[in-house]
Amino acid sequence: DAGITQSPRHKVTETGTPVTLRCHQTENHRYMYWYRQDPGHGLRLIHYSYGVKDTDKGEVSDGYSVSRSKTEDFLLTLESATSSQTSVYFCAISESLPGQGGADYGYTFGSGTRLTVV
Amino acid sequence: AQSVTQLGSHVSVSEGALVLLRCNYSSSVPPYLFWYVQYPNQGLQLLLKYTSAATLVKGINGFEAEFKKSETSFHLTKPSAHMSDAAEYFCAVALSGNTPLVFGKGTRLSVIA
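A brief structural summary. Along each chain, residue indices are assigned from 1 in the same order as the chain's sequence is written. Whichever chain is written first is A, and whichever ligand is written first is 1; the rest continue in order. Reporting of local features is limited, given that this is a predicted model, to residues whose pLDDT is at least 70; pairs of side-chain atoms are given and counted only at 80 or more, and all residues count toward the totals for whole chains, interfaces and linings. Where side-chain values are given, they derive from all heavy atoms of the structure, hydrogens and water being excluded.

Quick notes on the overall build of chain A
Per the secondary structure count, chain A includes 0 helices and 11 strands. Segments assigned H or I by DSSP are reported as helices when at least four residues long, segments assigned E as strands when at least two residues long, and all are numbered from the N terminus. Counting helices and strands in the order they occur from the N terminus, chain A gives β-β-β-β-β-β-β-β-β-β-β. Summarising its shape, the C-alpha atoms of chain A cover approximately 50 × 30 × 25 Å along the three principal directions. Exposure is judged per residue with a 1.4 Å probe applied to protein chains only, and the accessible area is read against the type maximum: over 50% gives exposed, under 20% gives buried, and values in between give partly exposed. Within the span of chain A, comprising 118 residues, buried residues form 48% of the whole. The criterion used for residue contact is that any of the two residues' heavy atoms lie within 4.5 Å. Here the analysis covers contacts within chain A between residues at least 6 apart in sequence; of these, 55% occur between residues at least 24 apart. Calculation of accessible area relied on Shrake-Rupley with a 1.4 Å probe; when residues are assessed, cover is drawn exclusively from the protein chains displayed. As displayed, chain A has an accessible area near 5700 Å², and 46% of this comes from carbon and sulfur atoms. Positive: Lys, Arg. Negative: Asp, Glu. His and the chain ends are not part of the count. Lysine's charge is taken at NZ, arginine's at CZ, aspartate's at CG and glutamate's at CD. Each charge class in chain A was averaged separately, 11 positive and 13 negative side chains, and the resulting centres sit 4 Å apart.

Have a look at this one:
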């Protein structure tokens, strides 16, 4: 268990308000990711982080910012929420795994945050 | 840039029938490949993965997938469908370890009694 906690689990907010979603992990993983899931689109990458203060944009980063001031927390902020940002947001970590034959990696996802912008 | 195509947004099978969910990828280098399952209102659970070891990969719940480099495919199969297999299935690819996963759009599997 990668010990990933997302908060809040559910949120309803009004258009134009700022919103911050939190992803917290307890196992010192270096790599963290934020995705959004929408029907018919699968999961799409918003931003990711490869260390404290090291982040990069993903496929659908417009309207979102992230911060990672310490290893365990990766924050996703919607500066001014819009209805198009109504979605389910997933945080994930990745890690190298000990293996007997070649490289092995694991990607583990949090339980998600359901955000509704009205 | 890598991409994933899942053929069929919805697949319906009878209970006891073969399950075949298709996944094709594009990548400039041999990738890492994953299948995840998502039950309604839940998160993503890893079914199986290919990370450069055996090309035939066995996962949980009786599922398996075969990495075919020549066909750039990683199709998911299960010999006999159960009602509990009804869920959405996602194929994903990573260019290398600890890089972002790129997901297909998903295939919803329905199992008919």
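Description of the overall build of chain B
Helix and strand counts for chain B come out as 0 helices and 11 strands. Each helix and strand of chain B, ordered N terminal to C terminal, gives the series β-β-β-β-β-β-β-β-β-β-β. Summarising its shape, the C-alpha atoms of chain B cover approximately 40 × 25 × 20 Å along the three principal directions. Here the contacts in chain B between residues at least 6 apart in sequence split such that 57% fall between residues at least 24 apart. Taken as a whole, chain B presents about 5200 Å² of accessible surface, with 54% of it coming from carbon and sulfur.

Quick word on the pattern of salt bridges
All names here are of chain A. Take a side-chain nitrogen of Lys or Arg and a carboxyl oxygen of Asp or Glu: if they are within 4 Å of each other, that pair is a salt bridge. Per the stated rule, a full pass over the model turns up 7 salt bridges over all chains. Between Asp 38 and Arg 36 there is a salt bridge, and its shortest N-O distance comes to 2.8 Å. What makes Asp 38 buried here is its relative accessible area of 10%. According to the relative accessible area criterion, Arg 36 is buried, its value standing at 8%. Asp 38 is paired through a salt bridge with Arg 44; the nearest N and O atoms lie 2.9 Å apart. Linked through salt bridges whose partners overlap, the residues forming this network are Arg 22, Lys 70 and Asp 73.

Comments concerning the nonpolar core
The set of buried Ala, Val, Leu, Ile, Met, Phe, Trp, Tyr and Cys residues whose side-chain atoms join them within 4.5 Å is what this entry labels a nonpolar core. Counting 27 residues, the largest nonpolar core has Trp 35, Leu 48, Phe 74, Leu 76 and Tyr 89 of chain B as its most contacted members. Filtering out sequence-adjacent residues up to four positions away, Leu 48 of chain B remains in contact with Leu 33, Phe 34, Trp 35, Val 57, Lys 58, Gly 59, Phe 63, Glu 64, Ala 65, Phe 74 and Leu 76 of chain B. Core analysis: the second largest hydrophobic core is formed by 21 residues, Tyr 48 and Ala 92 of chain A together with Ala 92 and Leu 101 of chain B among them.

Quick notes on the sheet that holds strand β3 (residues 19–25) of chain A
Residues and elements named next belong to chain A. Strand pairing requires that DSSP identify at least two bridges connecting the strands. Read across the open sheet, the 4 strands follow the order β1-β3-β8-β7; overall the sheet is antiparallel. The sheet terminates laterally at β1 (4–7) and β7 (64–70), the two strands that pair on one side only. For this sheet the average axis-to-axis angle between neighbouring strands, irrespective of direction, equals 20°. Fitted lines through C-alpha atoms serve as axes, helices being fitted only where they are in contact, and the angles separating the N-to-C directions of these axes extend from 0 to 180 degrees.

Some details on the layout of surface pockets
With a 1 Å grid laid over protein atoms only, a set of points is called a cavity when a 1.4 Å probe fits there but cannot get out and a pocket when it is open yet has protein on both sides within 12 Å along at least five of seven lines; lining residues have an atom within 4 Å of a point. Grid points are joined across faces, edges and corners, and a volume is the space filled by probe spheres set on the points. The calculated volume of the largest pocket comes to roughly 670 Å³. Looking at the lining of the largest pocket, the elements that each hand over two or more residues are β4 (31–38), β9 (87–96) and β11 (113–117) of chain A together with β9 (87–94) of chain B. Side-chain classes are defined by residue name, with Ala, Val, Leu, Ile, Met, Phe, Trp, Tyr, Cys and Pro counting as nonpolar, Asp, Glu, Lys and Arg as charged, and the others, Gly among them, as polar. Per-class residue counts for the lining of the largest pocket are 8 nonpolar, 17 polar and 6 charged. In this structure, the second largest pocket occupies an estimated 270 Å³ of space. Along the walls of the second largest pocket sit 16 residues, with Leu 43, Arg 44 and Glu 59 of chain A together with Val 102 and Phe 103 of chain B positioned nearest its centre. Where the lining of the second largest pocket is concerned, the elements lending two or more residues are β5 (42–51) of chain A together with β1 (3–7) and β10 (102–103) of chain B. In terms of residue count, β5 of chain A provides more of the lining of the second largest pocket than any other element does, 4 residues in total. Tallied by class, residues from the lining of the second largest pocket come to 8 nonpolar, 4 polar and 4 charged.

These values are about where atoms sit, not about what they do.
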